[in-house]
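An overview of the molecular structure
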Amino acid sequence: MHTNPFDDDKLREECGVFGVIGTADAANFTALGLHALQHRGQEAGGIVTHDATLGFNSVRRFGYVRDNFTSAKVMEHLPGDLSIGHVRYSTAGSKGNTALRDVQPFFGEFSMGGAAIAHNGNITNANSLRKELIGRGSIFQSSSDSECIIHLMARSLQQNIPQRMEDALRRVEGAFSIVAMTQTQLIGVRDPLGVRPLVLGKLGDGWVLSSETCALDITGAEFVREIQPGEMVVITANGVESSYPFRPAPPRFCVFEHIYFSRPDSILGGQSVYETREAIGRELAKESPVEADLVCPVPDSGTPAAIGFSLESGIPYAMGIIRNQYMGRTFIEPSEQIRNMGVRLKLNVNRALIRGKRVILVDDSVVRGTTSRKIKEMILDAGAAEVHFRIASPPTAWPCFYGVDTPDRDKLLAATMSEEEMRQHLAVDSLKFISLNGLYRAIGGTDRNSAQPQYCDACFSGDYPVIPSDQISSGFQMKAVE
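Residues numbered from 1 in each chain as written. Predicted model: local features only at pLDDT ≥ 70, side-chain atom pairs only at ≥ 80, totals over all residues. Heavy atoms only, no water.

**Thoughts on the pairing of strand β22 (residues 358-363)**
- The buried count for β22 comes to five of six residues, which makes it a mostly enclosed element.
- In terms of strand pairing, strand β18 (residues 294-297) meets β22 through four bridges, oriented parallel. Directly across from Pro297, in β22, lies its bridge partner Val362.
- As judged from the six bridges shared by β22 and strand β23 (residues 386-391), these two strands associate in the parallel manner. Looking at β23, one finds that Asp363 is bridged to Ile391. (Buried < 20%, exposed > 50% of the residue type's maximum accessible area, 1.4 Å probe, protein only. Helix = DSSP H or I, 4+ residues; strand = E, 2+ residues; numbered from the N terminus. Pairing = 2+ DSSP bridges.)

In structure tokens:
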């Protein structure tokens, strides 16, 4: 399978996790939840269940949830009223060359019984932990950073699995939202900074943990609350027990979840993702107005911001670019000629609408800039008089080490060019990004606190809330202290 070139110019969503306890056919609910979280990982998925008679069972597959976990033949191998699941991109391990052994959830057998774990995020000291564990006799089965957690749990001297998990996670640096299970427990944990999301829902007499609220909606679960940064919940037939096993820290939720990663119909921090993105578009229109005839989104991620830009500016909103909904994420066995068509496989310009117009294109981000150039060329080929880019995030100038597949820094356009140089490189009439303070105002109503930022915005600012020790030991240069 060949990745569509359109997808190579986006920051890839990290992973999605889901778990359910206390309902018959738990795996079916997990499959539904993972389907709703498919945007967070489209490379592979896995489900583990536990049945009182048959014990633990697991199925891991490459590809979409719909292609793997809708078959009755597959699902009959996943009995029980307790289940967790995971959809992934290869943010760590063998990027783009995943082996089935890298697909989560991971399972471990301990003296007090088995446990499975699904991890969203990235461990920034995984290399040093792995080296230490292998030196002490651990045998790794995958190239994933998440497997370190299982081995740390195996070496813990604590008496039960939640305590062993606490022990293990105290050794871990970076970002983690975890859904895990034992024979009788569903466990959820967020790292002390709360970089990645995790929510709790109620499903009849049972409970659900999920990366996003949109997965609760598809299963019919009722949203209860977010798992708090640094919180661990252990859910059994007796209900939910909560504890805070880590040293408290000011939270630093990933700001890019608001901009792009989360589905627009999810709720983050009590806020509608759709409404936040619309507010970002409004702020962008205030900061960077321009005379034009149409505001057009780059589908689909630019749509809410484009609507906000249109509402604030008074310039009509129009679907100037139409997305082929049936393209999917990959194109099977294309010829070289078809691969070179690139963006046109996925997007097409509405020529009758665009011809002779001054067009504002609203997108969520510019990473390498390759897609932006191709879209601009398509718009001009359709007869547009002017092309103005408005970007609903600040310039992406730094890689993410907390669970997002980001290019190396020298591949990021904003790392090597000023805004004006990027405009010239893209050959557009104007290019403006929302300011970092403007982004913060749109999301939370106040400017960024530079002394203690309210979000993790390292991809824009270079201010990493957790030192990426593995990357530094490999030669990564942090931003110079001003």
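**Overview of the packing of aromatic side chains**
- Within this structure, the stated rule accounts for 13 aromatic pairs.
- Between Trp398 and Tyr464 the ring centres are 6.4 Å apart and the planes differ by 85°, which places this aromatic pair in the edge-to-face class. One end of the pair, Trp398, is in the loop between β23 and α14 (413-416); the other, Tyr464, is in the loop between α17 (458-461) and α18 (469-473), and 66 residues separate them in sequence.
- Taken together, the ring pairs in this structure connect Trp398, Phe401, Tyr402, Tyr464 and Phe476 into an aromatic cluster.
- The residue whose ring lies beneath Lys202 is Trp207, and the NZ or CZ to ring-centre distance is 4.6 Å. (Phe/Tyr/Trp six-rings, centres within 6.5 Å; stacked < 30°, edge-to-face > 60°. Lys NZ or Arg CZ within 6 Å of the ring centre and 35° of its normal.)

**Examining the sheet that holds strand β24 (residues 430-433)**
- The strand order across the open sheet built from four strands is β18-β22-β23-β24, with neighbouring strands paired in parallel fashion. Strand pairing shows two members of the sheet lacking a second neighbour, β18 and β24, which therefore form its edges. Across this sheet, the average inter-strand angle for adjacent strands is 20°, counted without regard to direction.
- Note that β23 and β24 share four bridges and pair parallel. Considered in β24, the bridge of His388 is made with Ser430.
- Against the sheet, helix α13 (residues 370-381) engages β22 and β23, with an angle of about 150° to β23. (Axes fitted to C-alpha atoms, helices over the stretch in contact; angles between N-to-C directions. Contact = heavy atoms within 4.5 Å.)

**Quick notes on unusual backbone geometry**
- Between Gln104 and the following residue, Pro105, the backbone shows a cis peptide bond with an omega angle of 0°.
- Counting through the fold element by element, Pro105 comes out in the loop between β5 (82-88) and β6 (106-110).
- Looking along the chain, the bond that leaves Pro299 and enters Asp300 is cis, with omega of -10°.
- Relative to the helices and strands, Asp300 is located in the loop between β18 and α10 (303-313).
- The backbone phi angle of Asp25 is positive, close to 55°, even though this residue is not glycine.
- Topologically, Asp25 is positioned in the loop between β2 (15-21) and α1 (26-36).
- With phi around 55°, Ala427 is a residue other than glycine that occupies positive phi space.
- Its location among the elements puts Ala427 in the loop between α15 (419-426) and β24.

**Details of the packing of helix α4 (residues 126-135) against helix α5 (residues 147-155)**
- Interaxial distance between α4 and α5 falls to 10 Å at its minimum, and their mutual angle equals 45°. What the angle tells us is that α4 and α5 run oblique. The two elements α4 and α5 meet at a crossing, and its hand is left-handed. The residues of α5 that touch α4, namely those facing Ala126, Leu129, Arg130 and Leu133, are Cys148, His151, Leu152 and Arg155. (Parallel < 35°, antiparallel > 145°, perpendicular 65-115°, else oblique. Left-handed = near helix turned anticlockwise from the far one by under 90°.)

**Some remarks on the nonpolar core**
- Membership of the largest hydrophobic core comes to 73 residues, with the highest contact counts inside it found for Phe256, Leu361 and Ile379.
- With five residues, the top contributor of residues to this core is helix α8 (residues 255-261).
- When neighbours within four sequence positions are excluded, Leu361 is seen to be in contact with Cys296, Val298, Ile321, Ile375, Ile379, Val387, His388, Phe389 and Arg390.
- Of all hydrophobic cores here, the second largest spans 27 residues; its members include Ile117, Ile123, Ala126 and Ala168. (Core = buried A, V, L, I, M, F, W, Y, C linked by side-chain atoms within 4.5 Å.)

**Here we look at the pairing of β5**
- With seven of seven residues buried, β5 is to be regarded as a mostly interior element.
- The alternating pattern of β5 places Leu82, Ile84, His86 and Arg88 on one face and Ser83, Gly85 and Val87 on the opposite face, and all of these are buried.
- In terms of strand pairing, β2 meets β5 through seven bridges, oriented antiparallel. Bridge assignment links Phe18 to a residue of β5, and that residue is Gly85.
- In terms of strand pairing, strand β3 (residues 44-51) meets β5 through seven bridges, oriented antiparallel. From the neighbouring strand, Thr49 faces β5, where its bridge partner is Ser83.

**Side note on the sheet that holds strand β10 (residues 199-203)**
- The antiparallel open sheet is built from seven strands, whose spatial order is β4-β3-β5-β2-β11-β10-β12. Edge strands, defined here as strands with exactly one partner in the open sheet, are β4 (55-62) and β12 (222-226). Each neighbouring strand pair of the sheet contributes to a mean axis angle of 15°, computed without reference to strand direction.
- Across the sheet, α1 touches β2, β3, β5 and β10, and the angle it forms with β5 is around 25°.

**Some remarks on the confidence of the model for the protein chain**
- When pLDDT is averaged along the protein chain, the result is 91, and 92% of the positions lie at 70 or above.
- pLDDT under 50 marks residues 91-95. Its contacts with residues more than four places away, or in other chains, come to 17 contacts. (pLDDT = per-residue confidence, 0-100.)

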